[in-house]
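# Topology and contacts: notes
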Amino acid sequence: MHLTKTLPFDKKKIDEIIKIHPTPFHVYDEKGIRDNAKRLTEAFSWAPGFREYFAVKANPNPYIVKVMREEGFGADCSSLPELMLAEKAGIKGEMIMLTSNDTPVSEFEYAKKLGAILNLDDITHIDFVDSNIGLPEVISFRYNPGPLKGGNAIIGVPEEAKYGLTRDQLFDAYKIVKQRGVKRFGLHTMIASNELNADYFVDTAEILFDLVCDLSKTIGIDFEFVNLGGGFGIPYRPGDKPLDLEYISDRIRGAYVEKIEARGLKPLRICMESGRLMTGPYGFLVTTAIHKKEIYKDYIGVDACMADLMRPALYGAYHHITVLGKENENQIKRYDVTGSLCENNDKFAIDRMLPVIERGDILVMHDTGAHGYAMGFNYNGKLRSAEFLLKEDGSVQKIRRAETVDDYFATLDFSGM
Ligand SMILES: *Cc1c(COP(=O)(O)O)cnc(C)c1O
């Protein structure tokens, strides 16, 4: 018996798409995204004003961001184009949060124009924003816990991270913005990535609740929200256990009662800015085996490459592969599954046991819905794939066309040669 992962479509559905559009392409499962979004909302329904700001960088497609909006979520942005995407998806005002670093003036300016919440990454950004565009009415700061007392194995080494303010700086920062007329306050941290340990997020909430209490009392301000950041992991491997959102919510509720309510603090909105958790499991990269090569190892060459999905090449990340129509065949062959880049790390899988694959077989890479298409690049003249949305009614909508050579040349002017 081998562990497996399921697909929200069958071979017939994919063949339907292939008839009108060649591989490779990503396909996103709208129903999966919406069901998961509702589950998150339900899990935190106890929390006053709970709000997820979808991390746009995970899947910067306006059709996906619009689904997020329809589920009641906002957008977490970290660049000017991401702010514009959120705007185009109909997300407005304080439903947009700018969590950026090393931020140019133009970005702060656009965010302020949209009425977005500025989540500042450094104490010097107070003057930077104030002198360039003026401080807005609401400000949040990003906390970097650095060498936490007693250490915390799961949090890792925030001291090495470029983000956020130190604890001491936070006390100065809120004091300064209060003096300069800022009226409403938030606190943010984000120190994990693809974390599957549920207790980590409870720890994060506890750290922020305690800090909100200390800051409120010392400075004499009330906090409106805390933002637990993103970094919620998903089960890429068949044996991985998904995060238990209900458990996380329950434990955070306990901490909220103890550290916020019991201390008589004002109601605090709990925010998250998850990307991976919201769309990761609901995206699939569909690709065709175009070559079979047997040298020192056996290779399957597919028509997708790391331009479409960087994670395996970049981090050695695991993405499960299903060979369509061969789901029930024995996985008796050991393959490297490769893309076409002139980089030996352009491999979607190394030494992966799969059914015998023939040229023309359709391979589906799982869990490409976040940091998949989004990370792609054009190195080696490789063009990025199309994106499709598998809608709840079973129809399929093209939500991004594939790149063409003209796109690749778009920034060149050959006339000056
Ligand atoms: C990348 C990022 C996120 C989203 O991370 P996920 O791992 O996709 O949840 C959220 N907030 C900030 C500031 C980020 O940089």
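Here is a short report on the structure shown in this document. All figures in this text were calculated on a predicted structure; none of them were measured in a lab.

So, how was this worked out
- Residues numbered from 1 in each chain as written.
- Predicted model: local features only at pLDDT ≥ 70, side-chain atom pairs only at ≥ 80, totals over all residues.
- Heavy atoms only, no water.
- 1 Å grid on protein atoms, 1.4 Å probe; cavity = no way out; pocket = protein on both sides within 12 Å on 5 of 7 lines; lining within 4 Å.
- Points joined across faces, edges and corners; volume = space filled by probe spheres on them.
- Nonpolar A, V, L, I, M, F, W, Y, C, P; charged D, E, K, R; others polar.
- Core = buried A, V, L, I, M, F, W, Y, C linked by side-chain atoms within 4.5 Å.
- Buried < 20%, exposed > 50% of the residue type's maximum accessible area, 1.4 Å probe, protein only.
- Domains from an automatic or database assignment.
- Contact = heavy atoms within 4.5 Å.
- Pairing = 2+ DSSP bridges.
- Helix = DSSP H or I, 4+ residues; strand = E, 2+ residues; numbered from the N terminus.
- Phe/Tyr/Trp six-rings, centres within 6.5 Å; stacked < 30°, edge-to-face > 60°.
- Lys NZ or Arg CZ within 6 Å of the ring centre and 35° of its normal.
- Near = heavy atom within 4 Å.
- Polar contact = N/O pair within 3.5 Å; in protein donor to acceptor, adjacent residues only side chain to side chain.
- Areas by Shrake-Rupley, 256 points an atom, 1.4 Å probe, with all protein chains shown as cover.
- Salt bridge = Lys/Arg side-chain N within 4 Å of Asp/Glu carboxyl O.
- Lys, Arg positive; Asp, Glu negative; His and termini not counted.
- Arc of directions from axis to C-beta.

### Observations concerning empty space enclosed by the protein
Applying the stated rule across the entire model yields one cavity of 30 Å³ or more. Lining the largest cavity, in full, are Val212, Ser216, Ile221, Asp222, Phe223, Ile260, Leu265, Lys266 and Leu268. Per-class residue counts for the lining of the largest cavity are six nonpolar, one polar and two charged.

### Section: the nonpolar core
The biggest cluster of nonpolar side chains holds 85 residues, and the ones touching the most others in it are Phe141, Tyr174, Leu187, Phe209, Ile252 and Ile270. When we break this core down by domain, the ones giving at least three residues each are domain 1 (11–27 + 280–403) and domain 2 (92–274). The contacts of Phe141, once residues within four sequence positions are left out, are Asn119, Leu120, Asp122, Ile126, Leu165, Leu170, Ala173, Tyr174, Val177, Gly186, Leu187 and His188.

### A closer look at the pairing of strand E17 (residues 396–400)
Alignment of strand E16 (residues 386–390) against E17, held across four bridges, turns out to be antiparallel. Paired with Leu389 across the bridge in E17 is Gln397. Where E16 folds back on E17, the antiparallel hairpin that results is connected by five residues, among which Gly394 adopts a positive phi of roughly 95 degrees.

### A word on the packing of aromatic side chains
All told, the structure shown has 16 aromatic pairs when counted by the stated rule. With a centroid separation of 4.5 Å and an interplanar angle of 10 degrees, the aromatic rings of Phe44 and Phe50 are classed as stacked. Taken together, the ring pairs connect Phe44, Trp46, Phe50, Phe209 and Tyr256 into an aromatic cluster. The aromatic ring of Tyr163 is capped on one face by Arg142, whose charged end is 4.2 Å from the ring centroid.

### A closer look at the site of the ligand
What surrounds the ligand is a group of 13 residues, the closest being Lys57, Gly231, Glu273, Arg276 and His371. Note that an oxygen atom of the ligand is positioned 2.7 Å from one of the side-chain N or O atoms of Lys57. At a separation of 3.5 Å, a nitrogen atom of the ligand approaches a polar side-chain atom of Asp76. Here the ligand loses 89% of its free accessible area of 390 Å² to cover by the protein chains.

### What about the pattern of salt bridges?
Going through the model one piece at a time under the given rule, you end up with 31 salt bridges. When the shortest N-O distance is used, the salt bridge between Arg34 and Glu30 registers 2.8 Å. Of this pair, Arg34 and Glu30 both sit in helix H2 (residues 30–43), separated by four residues, roughly a single helical turn. In this structure, Arg34 and Glu30 share a single accessibility class: buried. Of the charged contacts, one joins Lys292 and Glu358 as a salt bridge, the two residues approaching to 3.5 Å between their closest N and O atoms. Residue Lys292 is located in strand E10 (residues 283–294), and its partner Glu358 is located in the loop between strand E14 (347–354) and strand E15 (362–365); the two are separated by 66 residues in the primary sequence.

### Some words on the side chain of Asp29
Inspection of the secondary structure assignment puts Asp29 in strand E1 (residues 25–29). Buried charge without a salt bridge: Asp29, with Lys31 as the nearest opposite-charge side chain at an N-O distance of 7.5 Å. Apart from the residues within four sequence positions on either side, Asp29 is in contact with Pro8, Tyr282, Phe284 and Leu390.

### Notes on the layout of surface pockets
Looking at the largest pocket, its volume works out to about 790 Å³. Looking at the lining of the largest pocket, the elements that each hand over two or more residues are strand E3 (74–77), strand E6 (138–143), helix H10 (276–279) and helix H11 (311–315). Considering only residue class, the lining of the largest pocket consists of 18 nonpolar, 12 polar and seven charged. Forming the boundary of the second largest pocket are 17 residues, of which Lys5, Thr6, Pro235, Pro281 and Asp367 lie nearest the centre.

### Some remarks on helix H4 (residues 80–88)
Turning to H4, its buried residues number three or more, namely Glu82, Leu83, Leu85 and Ala86. The buried side chains of H4 occupy one side of the element, clustering within an arc of 160 degrees when seen end-on. Residues of H4 that are exposed and point more than 90 degrees away from the buried face comprise Pro81 and Lys88. Considering only its buried residues, H4 is in contact with helix H3 (62–70), E3, strand E4 (96–99) and helix H5 (105–114). Following H4 by one or two positions, Gly90 has its phi on the positive side, about 90 degrees.

Bear in mind that shape data such as this cannot, by itself, settle questions of function.
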